[in-house]
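Okay, here's what each chain looks like letter by letter:
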Amino acid sequence: MLKFFFCCYSLPKSALGLIIIQDYPWVYRLRDLTNPAKKFKIEANAKQLFMTGIVIMHKECNVVAVEGGPKQQRKFRRLMLQRIKWNEDKHKKSAKDDGKAGGKLSLYKL
């Protein structure tokens, strides 16, 4: 299980626009999160945006739950839905196709 939690007592000036009163949780469900580069992107962006959350990894289903303000969630949602190419690894492993649609991403708002 890969966890990330970032707590900061003195925020830099660049983070003043990210200060919020209420956190909004979002849950992303992934089929495959075995690529270490994608794990790093998720963790690094969450830390840069001063978000808290957890990544739960299982062989069949992976869950990324993050909490932050509306501006943070907007940037993180763009990362998860547009910037990361989830089907990239499955094209390289097309010889070992097991019938599952690779790189499927589902988004849930709590």
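Everything below is about the structure shown above.
Summarised in this report is the structure supplied together with it. (Residues numbered from 1 in each chain as written. Predicted model: local features only at pLDDT ≥ 70, side-chain atom pairs only at ≥ 80, totals over all residues. Heavy atoms only, no water.)

Section: helix α2 (residues 70–83)
And step 1. Over its 14 residues, α2 extends 18 Å from the first C-alpha to the last, a length consistent with the 20 Å expected when each residue adds 1.5 Å.
And step 2. Of all the positions in α2, only Q72, Q73, F76, L79 and M80 are classed as buried. For α2, the angular spread of buried residues about the axis comes to 120°, placing them on one side. (Helix = DSSP H or I, 4+ residues; strand = E, 2+ residues; numbered from the N terminus. Expected span 1.5 Å × (residues − 1). Buried < 20%, exposed > 50% of the residue type's maximum accessible area, 1.4 Å probe, protein only. Arc of directions from axis to C-beta.)

Here we look at a positive patch on the surface
And step 1. Together, K41, R78, R83 and K85 make up a region of like positive charge exposed at the surface.
And step 2. Positionally, K85 belongs in the loop between α2 and α3 (88–92). (Patch = residues over 30% accessible without salt bridge, like charges linked within 9 Å, V, L, I, M, F, W, Y side chains within 5 Å. Areas by Shrake-Rupley, 256 points an atom, 1.4 Å probe, with all protein chains shown as cover. Salt bridge = Lys/Arg side-chain N within 4 Å of Asp/Glu carboxyl O. Lys, Arg positive; Asp, Glu negative; His and termini not counted. Charge placed at Lys NZ, Arg CZ, Asp CG, Glu CD.)

Side note on the packing of aromatic side chains
And step 1. On inspection of all chains with the given rule, the structure shows one aromatic pair.
And step 2. Here Y28 and F76 contribute two aromatic rings whose centre-to-centre distance is 5.7 Å and whose plane-to-plane angle is 65°, an arrangement assigned as edge-to-face. Of this pair, Y28 sits in strand β2 (residues 24–30) while F76 sits in helix α2, and the two are 48 residues apart along the sequence.
And step 3. The buried category is assigned to Y28, whose relative accessible area is 0%.
And step 4. Taking the relative accessible area as the measure of exposure, F76 reaches 0% and is therefore buried. (Phe/Tyr/Trp six-rings, centres within 6.5 Å; stacked < 30°, edge-to-face > 60°.)

Description of the pairing of strand β3 (residues 52–56)
And step 1. Where β3 meets strand β4 (residues 62–68), five bridges bridge the pair, whose relative direction is antiparallel. Its bridge partner lying in β4, G53 is registered against V66.
And step 2. A loop of five residues connects β3 with β4, the two strands running antiparallel in sequence. (Pairing = 2+ DSSP bridges.)

With respect to the pattern of salt bridges
And step 1. Within the structure shown, the criterion is met by one salt bridge.
And step 2. With a shortest N-O distance of 3.5 Å, E43 and K47 are connected by a salt bridge. With E43 and K47 both in helix α1 (residues 36–48), this residue pair falls four residues apart, about one helical turn.
And step 3. Given the relative accessible area of 35%, K47 is considered partly exposed.

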